[in-house]
Amino acid sequence: MRIGIGYDVHKMVEGRPLVLGGVNIPHEKGLLGHSDADVLVHALMDALLGAAGEGDIGKHFPDNDIKYRGISSLALLVKVKEILHGKGFMILNIDSVIVAQQPKMAPHIGKMISCLSETLDISAGRINVKATSTEGLGFTGTGDGIAAYAVAMLGHVR
């Protein structure tokens, strides 16, 4: 078994959709980034790549490469899944947390889990998504950004 951890943060801005866990969430601001800036999926990809000993998303999908401009993070997650399968790994477990003051995540978590489950072709029971606020403290507490952490456990396919 192998374990990896991932972290990502993006700035909140007007004029962009808010996408988390592959789900469009109604909000007056979205996340700024080269892709769709889905911090949850980015943290998850880093956790998966780290567990596999494959570096990070910057190595595989650099933000200065025009072909990734505006791309869905779920499309990149599919490529990460292919890397894992190519190395003989299967995903055993994912645990993650979104850090944001607003909007409230609880109404969207079930859909995020379903979306990630479908994309990774694993049981929803192997995926956990949580959310927390920082009680108004720091950049996430002021609404200037959203962060996410993820941990992934991989096993070898026998």
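Being a predicted model, the structure only gives us computed values, none of them experimental.

**Thoughts on the overall build of the protein**
- In terms of regular secondary structure, the protein is built from five helices and seven strands.
- Listed N to C, the secondary structure of the protein is β-β-β-β-α-α-α-β-α-β-α-β in terms of helices and strands.
- Taking 15 Å as the expected radius of gyration for a compact globule of 158 residues, we find that the protein reaches 15 Å, a close match to that expectation.
- Seen through its principal axes, the protein has C-alpha atoms that stretch 45 × 35 × 25 Å.

**A word on the packing of aromatic side chains**
- Evaluated as defined, the whole model comprises two aromatic pairs.
- Here Tyr7 and Tyr149 contribute two aromatic rings whose centre-to-centre distance is 4.7 Å and whose plane-to-plane angle is 45°, an arrangement assigned as tilted. Residue Tyr7 is located in strand E1 (residues 2-14), and its partner Tyr149 is located in strand E7 (residues 145-156); the two are separated by 142 residues in the primary sequence.
- Under the relative-accessibility criterion, Tyr7 is labelled partly exposed at 37%.
- On the basis of relative accessible area, Tyr149 is assigned to the partly exposed category, the value being 41%.
- Residues Phe61 and Tyr68 carry aromatic rings whose centres are separated by 5.4 Å and whose planes lie at 80° to one another, so their mutual orientation is edge-to-face.

**Some remarks on unusual backbone geometry**
- Between Gln102 and Pro103 the backbone carries a cis peptide bond, its omega angle lying at -10°.
- By the secondary structure assignment, Pro103 is in the loop between strand E5 (89-99) and helix H4 (106-120).
- Phi angles above zero are rare outside glycine, and Ala37 is one such case at about 65°.
- Tracing the sequence through the fold places Ala37 in the loop between strand E4 (29-31) and helix H1 (39-51).
- A positive phi angle, near 55°, is found at Asp121, a position not held by glycine.
- Of the residues examined, Asp121 reaches a relative accessible area of 65% and is grouped as exposed.

About the criteria used
- Residues numbered from 1 in each chain as written.
- Predicted model: local features only at pLDDT ≥ 70, side-chain atom pairs only at ≥ 80, totals over all residues.
- Heavy atoms only, no water.
- Helix = DSSP H or I, 4+ residues; strand = E, 2+ residues; numbered from the N terminus.
- Rg over C-alpha atoms; globule rule 2.2 N^0.38 Å.
- Phe/Tyr/Trp six-rings, centres within 6.5 Å; stacked < 30°, edge-to-face > 60°.
- Buried < 20%, exposed > 50% of the residue type's maximum accessible area, 1.4 Å probe, protein only.

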